[in-house]
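Topology and contacts: notes
Here's the letter readout for the chains.
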Amino acid sequence: MLKVGVLVSGGGTNLQAIIDAVNTGVITNTELRVVISNNKNAYALERARQNNIEAVCISPKDFEERSMFNEALINKLDEYDLDLIVLAGCMVVLPETLIKKYPNKIINIHPALIPAFCGTGYYGLRVHEKVLERGAKLTGATVHFVDEGTDTGPIIMQKAVEVMEDDTPEILQRRVMEEAEWKIMPMAINLIANGAVSIVDGKVKIKK
Ligand code: GAR
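Here's what I pulled together on the structure shown here. (Residues numbered from 1 in each chain as written. Predicted model: local features only at pLDDT ≥ 70, side-chain atom pairs only at ≥ 80, totals over all residues. Heavy atoms only, no water.)

1. Some remarks on the site of the ligand
Near the ligand, the surroundings consist of 15 residues, among which Gly 12, Thr 13, Asn 14, Gly 124 and Glu 181 are the closest. Note that an oxygen atom of the ligand is positioned 3.5 Å from one of the backbone N or O atoms of Gly 11. In the environment of the ligand, an oxygen atom lies 2.8 Å from a nitrogen or oxygen atom belonging to the side chain of Glu 181. Starting from 450 Å² of accessible surface for the ligand in isolation, the protein chains cover 92%. Counting only elements with at least two residues in the shell around the ligand, the list comes to α1 (13-24), β5 (106-110) and α6 (169-193). Residues belonging to the shell around the ligand are distributed by class as follows: six nonpolar, eight polar and one charged. (Near = heavy atom within 4 Å. Polar contact = N/O pair within 3.5 Å; in protein donor to acceptor, adjacent residues only side chain to side chain. Areas by Shrake-Rupley, 256 points an atom, 1.4 Å probe, with all protein chains shown as cover. Helix = DSSP H or I, 4+ residues; strand = E, 2+ residues; numbered from the N terminus. Nonpolar A, V, L, I, M, F, W, Y, C, P; charged D, E, K, R; others polar.)

2. Here's the deal with the packing of α1 against α6
At a closest axis distance of 9 Å, the pairing of α1 and α6 adopts a crossing angle of 50°. Overall, the two elements α1 and α6 adopt an arrangement that is oblique. The element α1 and its partner α6 pack so that their crossing is right-handed. Counting all contacts with α1, which are made through Thr 13, Asn 14, Ala 17, Ile 18 and Ala 21, the residues of α6 involved are Met 177, Glu 181, Trp 182, Met 185, Pro 186 and Ile 189. Taken together, the residues of the contact of α1 with α6 sort by class into eight nonpolar, two polar and one charged. (Axes fitted to C-alpha atoms, helices over the stretch in contact; angles between N-to-C directions. Parallel < 35°, antiparallel > 145°, perpendicular 65-115°, else oblique. Left-handed = near helix turned anticlockwise from the far one by under 90°. Contact = heavy atoms within 4.5 Å.)

3. Describing the sheet that holds β5
Remark on secondary structure: sheet strands pair via backbone hydrogen bonds, oriented parallel or antiparallel. Read from one edge to the other, the open sheet built from seven strands follows the order β3-β2-β1-β4-β5-β6-β7, with strand pairing classed as mixed. For this open sheet the edge positions go to β3 (54-57) and β7 (155-162), each flanked by a neighbour on one side alone. Neighbour-to-neighbour, the strand axes of this sheet turn through a mean angle of 20°, independent of strand direction. As paired elements, strand β4 (residues 84-87) and β5 share three bridges and run parallel to each other. If you follow Ile 85 over to β5, its bridge partner there is Ile 106. Sitting on the sheet, α1 is in contact with β1 (2-8), β2 (30-37), β4 and β5, with an inclination near 160° to β2. Sitting on the sheet, helix α3 (residues 66-79) is in contact with β1, β2, β3 and β4, with an inclination near 160° to β2. (Pairing = 2+ DSSP bridges.)

Okay, structure coming up:
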């Protein structure tokens, strides 16, 4: 069984898609051990509780220094003996020590087709605002491994989504979630849980 911890910050619709996929057997061989949020009001925590998954809040606001928050987050994750950490709408910049401690064991969902519309400052609704500002006709979502850079790790899976002329950032965000994010994140976890994902020369290979 792949032991998974999920880091969240907000509504948790990606978390819900993962929970549903485990419950319906779309994801196999996987145990969701803990959900950790930096925001105590995140609805994602409620989703975890409703599904009998441990829900924990570790907020930088509760610590005098960032280093103390980082240490608390790492210690909490270590408690669960995790094989995979999933960033599902996690808006916290992860400490480098955590990334080094879990090499190729952290994955993230980004709401655009990397390497477009990604990097520092590109998160949440802002990504979709930028896509619309640029007049892009196609966007999508990407699941990738997390390395020390911002959105620079090996790409596991991507799905394209059309941009419509009268989209607002909110409408586009919803379409990207429905058509791409909620599908490719569960698929990627299932592939990892079943040993189908490897990294060769910095690129992901998927066993067919
Ligand atoms: C999702 O669109 C996710 O791709 C994005 O935040 C949203 C969280 O929604 N993540 C990032 O922008 C990370 N750079 P959710 O809480 O409903 O899953």
